[in-house]
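Coordinates in review
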Amino acid sequence: MEAGNTTRVTVFVLQGLSNNPQIQMVLFVIFLVIYLLILTVNLLILLVIRTDSHLHTPMYFFLSHLSFLDAFYASIIVPKLLKNLLSKWKTISFLECFIQIFFVIFLGATETCLLSVMAYDRYQAVCHPLLYVVTMNKKVCAGLAGASWAIGMGTGLLNTILLAQQDFCGPNLICSFACELPPVLLLACSDPYVSVFSILTTMVVLGLGTFVILVSSYTRIILTALGMNSVTGWNKIFSTCSSHFLVVTIFYGSGIFRYMTPASGSALEQVLSMQYSVVTPLLNPLIYSLKNQEVKAALRRRLSRKPRLTF
């Protein structure tokens, strides 16, 4: 704390997942393995998409952004979590905490936008296949991906700056394993009205806007699939879209519930935070990419490629 006319928090203490040393060691091993899997699988998908010409299509262009984002997202949360599991004092500086909050909001908002863009891409591919190449050209794809990252960046900056304007005079115990806006906002000594209004407005505008795109895209896709006479085509459409729908349900469900309900420090809130910050980055490539036949074929081509010897 800093003494003077007011007392200001300079360090936060993260409650963590457990105070039992034996359990902490088990959790450290589990999360280390999960983190290594997240990095390996997502970076492998990213490498395969970038190097295999068969996957240079809009769908896999957006998937490569999602893989990079998931690896980045996990890297914001898990390394600090691993460090705290081995540390007696689970502290995080004021600046480091707010940097983590910024990236959590930034990457979460970006992923929300990317998932809706990917739904729109599938809508164009299924409902307007003859115009798909023209509609989803490289310039459009780059613009949609860039807009997703820009919206995420703006969302993160706005909400983090507004939160940083609050007075934090104690207590400084965060009831979570990471710095997130809801539990940190509980520690504010000043009126948090502006921050609460900002995050709720963000969730409603961003969440509702992307949700409308998702629902309308999937509705058109389902109607188009039901009108098909080809069973093979029908199955292919639902195989692709069911994966996307599962990813969206997991991410949206946990994220919206976490940020739209008042923080209380309950175990359920930590489970939800774990869901979208650790579990989802691992599930995304497994659900969305590795079950895809084209990605698996590209992986086989990559692994079967013989190294060239040079002298």
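Not measured: the values here are computed from a predicted model.

Now for the UniProt feature "transmembrane region" (unreviewed entry) in the protein. When the UniProt feature table is mapped onto this chain, "transmembrane region" (unreviewed entry) is found at residues 25-48, 60-78, 98-120, 140-164, 193-216, 237-260 and 272-290. Counting secondary structure, residues 60-78 comes out at 100% helix and 0% strand; the distance between its end C-alpha atoms is 26 Å. Along residues 140-164, the helical share is 100% and the strand share 0%, with 36 Å between the first and last C-alpha atoms.

If you walk across this open sheet you meet the three strands as E2-E1-E3, and the pairing is mixed. The strands lining the two open edges of the sheet, one partner per strand, are strand E2 (91-93) and strand E3 (173-174). The sheet contact formed by strand E1 (residues 11-14) and E2 spans three bridges and is antiparallel. Counterpart to Val13 in the pairing with E2 is Thr91. On top of the sheet, helix H3 (residues 94-127) reaches E1, E2 and E3; it is set at about 85 degrees to E2, its chief contact.

A few words now on the nonpolar core. Judged by nonpolar contacts, the single largest core of 59 residues is most densely connected at Phe31, Phe62 and Leu115. Of all the elements in the fold, those that place two or more residues in this core are helix H1 (21-51), helix H2 (58-86), H3, helix H5 (138-164), helix H7 (193-226), helix H8 (231-260), helix H9 (267-289) and helix H10 (293-304). The element contributing the most residues to this core is H2, with 14 residues. Once residues lying within four places of it in the same chain are set aside, the contact partners of Phe31 are Leu17, Val78, Leu81, Leu82, Leu85, Met274 and Val278. Ranked by size, the runner-up nonpolar core spans 19 residues in total, among them Val9, Phe12, Phe168 and Ile174.

In this section: the pattern of salt bridges. Under the criterion given, the structure shown has two salt bridges. Taking the shortest distance from any N to any O, the salt bridge between Glu96 and Lys80 comes out at 3.8 Å. Taken together, the positions of Glu96 in helix H3 and Lys80 in helix H2 put the pair 16 residues apart, joining distant regions of the chain. A relative accessible area of 35% places Glu96 in the partly exposed class. In this structure, Asp121 engages Arg122 in a salt bridge whose closest nitrogen and oxygen atoms are separated by 2.9 Å. Exposure class is identical for Asp121 and Arg122. Each is buried.

Let us now look at the packing of aromatic side chains. Taken as a whole and judged by the stated rule, the model has 15 aromatic pairs. Here the aromatic rings of Phe102 and Phe106 are separated by 5.5 Å at their centres, their planes lie at 20 degrees, and the arrangement is stacked. Here Phe102 and its partner Phe106 are both found in helix H3, four residues apart, which amounts to about one turn of the helix. Assessed through its relative accessible area of 6%, Phe106 is described here as buried. Here Tyr193 and Phe197 contribute two aromatic rings whose centre-to-centre distance is 6.1 Å and whose plane-to-plane angle is 20 degrees, an arrangement assigned as stacked. Within this pair, Tyr193 and its partner Phe197 are both found in helix H7, separated by four residues, close to a single helical turn. Of the two residues, Tyr193 and Phe197, both sit in the exposed class. Three or more aromatic residues joined by ring pairs form one cluster here, namely Phe68, Phe72, Phe102, Phe103, Phe106 and Trp149.

Because each turn of an α-helix spans 3.6 residues, side chains separated by three or four positions end up pointing in the same direction. Compared with the 39 Å implied by 1.5 Å per residue over 27 residues, the 39 Å span of H5 between its first and last C-alpha is a close match. Here H5 has its buried residues at Cys141, Ala145, Ser148, Trp149, Gly152, Thr155, Gly156, Asn159, Thr160 and Leu163. In this structure, the buried side of H5 is in contact with H2, H3, helix H6 (181-185) and H7.

Within the structure shown, the criterion is met by two disulfides. Each sulfur of the disulfide joining Cys97 and Cys179 lies 2.0 Å from the other. In this structure, the disulfide formed by Cys97 and Cys179 twists by about -110 degrees around the S-S bond and is classed as left-handed. Within this pair, whereas Cys97 is found in helix H3, its partner Cys179 is found in the loop between E3 and H6, the two being separated by 82 residues in sequence. Each member of the pair, Cys97 as well as Cys179, carries the same accessibility label: buried. Disulfide connectivity for the protein, with bonded cysteines indexed by sequence position, reads 1-3, 2-4.

Scoring rules and cut-offs
- Residues numbered from 1 in each chain as written.
- Predicted model: local features only at pLDDT ≥ 70, side-chain atom pairs only at ≥ 80, totals over all residues.
- Heavy atoms only, no water.
- UniProt positions renumbered as here; feature names shortened; annotations may be inferred.
- Helix = DSSP H or I, 4+ residues; strand = E, 2+ residues; numbered from the N terminus.
- Pairing = 2+ DSSP bridges.
- Contact = heavy atoms within 4.5 Å.
- Axes fitted to C-alpha atoms, helices over the stretch in contact; angles between N-to-C directions.
- Core = buried A, V, L, I, M, F, W, Y, C linked by side-chain atoms within 4.5 Å.
- Buried < 20%, exposed > 50% of the residue type's maximum accessible area, 1.4 Å probe, protein only.
- Salt bridge = Lys/Arg side-chain N within 4 Å of Asp/Glu carboxyl O.
- Phe/Tyr/Trp six-rings, centres within 6.5 Å; stacked < 30°, edge-to-face > 60°.
- Expected span 1.5 Å × (residues − 1).
- Disulfide = S-S within 2.5 Å.

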